[in-house]
Amino acid sequence: MILAIGVILVIAGAATLIVIAYLITDALVTPENFGPINFLLDKITGTERAITITTESGHFIFGFDQPVGTMLLVLMCIWVLSAITSIIKTIISTGLKLVDVANHWRN
């Protein structure tokens, strides 16, 4: 039973890592077609203000256009996917430990 659970964890983790690698590649190649980025780009216009600083002489406004916003969103999505990848890595290592324990119990 432990061997089966370990193998299932390893296979599920490896399959999830393959899907995440595909998503990261898709986000880098065509970010406009990537679901989360496309959704967020629809919500952001090119005239959005990222930072506004008021000084004695007036306002300083830091904004970003569509390409810069797309790049920031791609980096954010890759960061989130890398966090998920570290969780999946833990699941795979746990599965491998279960397989190792099951093999030691058999011998």
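Shown above is the structure to which this text applies.
The structure reproduced in this document is the subject of the present report.

Rules of the game
Residues numbered from 1 in each chain as written. Predicted model: local features only at pLDDT ≥ 70, side-chain atom pairs only at ≥ 80, totals over all residues. Heavy atoms only, no water. Core = buried A, V, L, I, M, F, W, Y, C linked by side-chain atoms within 4.5 Å. Buried < 20%, exposed > 50% of the residue type's maximum accessible area, 1.4 Å probe, protein only. Helix = DSSP H or I, 4+ residues; strand = E, 2+ residues; numbered from the N terminus. Contact = heavy atoms within 4.5 Å. Patch = residues over 30% accessible without salt bridge, like charges linked within 9 Å, V, L, I, M, F, W, Y side chains within 5 Å. Areas by Shrake-Rupley, 256 points an atom, 1.4 Å probe, with all protein chains shown as cover. Salt bridge = Lys/Arg side-chain N within 4 Å of Asp/Glu carboxyl O.

1. Topic: the nonpolar core
Side chains that are nonpolar tend, in soluble globular proteins, to be buried together.
Item 1. Ala27, Phe34, Ile37, Leu73, Val74 and Cys77 form the largest nonpolar core, which has six residues in total.
Item 2. Counting residues per element, this core draws most heavily on helix α3 (residues 66-106), at three residues.
Item 3. Excluding its chain neighbours within four sequence positions, the residues that come into contact with Cys77 are Phe34, Pro36 and Ile37.

2. With respect to a nonpolar patch on the surface
Item 1. A surface patch of nonpolar side chains, amounting to about 360 Å² of accessible area, comprises Val68, Met71, Leu72 and Leu75.
Item 2. Take Leu72: it is sitting in helix α3.
Item 3. Looking at Leu72, the relative accessible area reads 44%, which means it is partly exposed.

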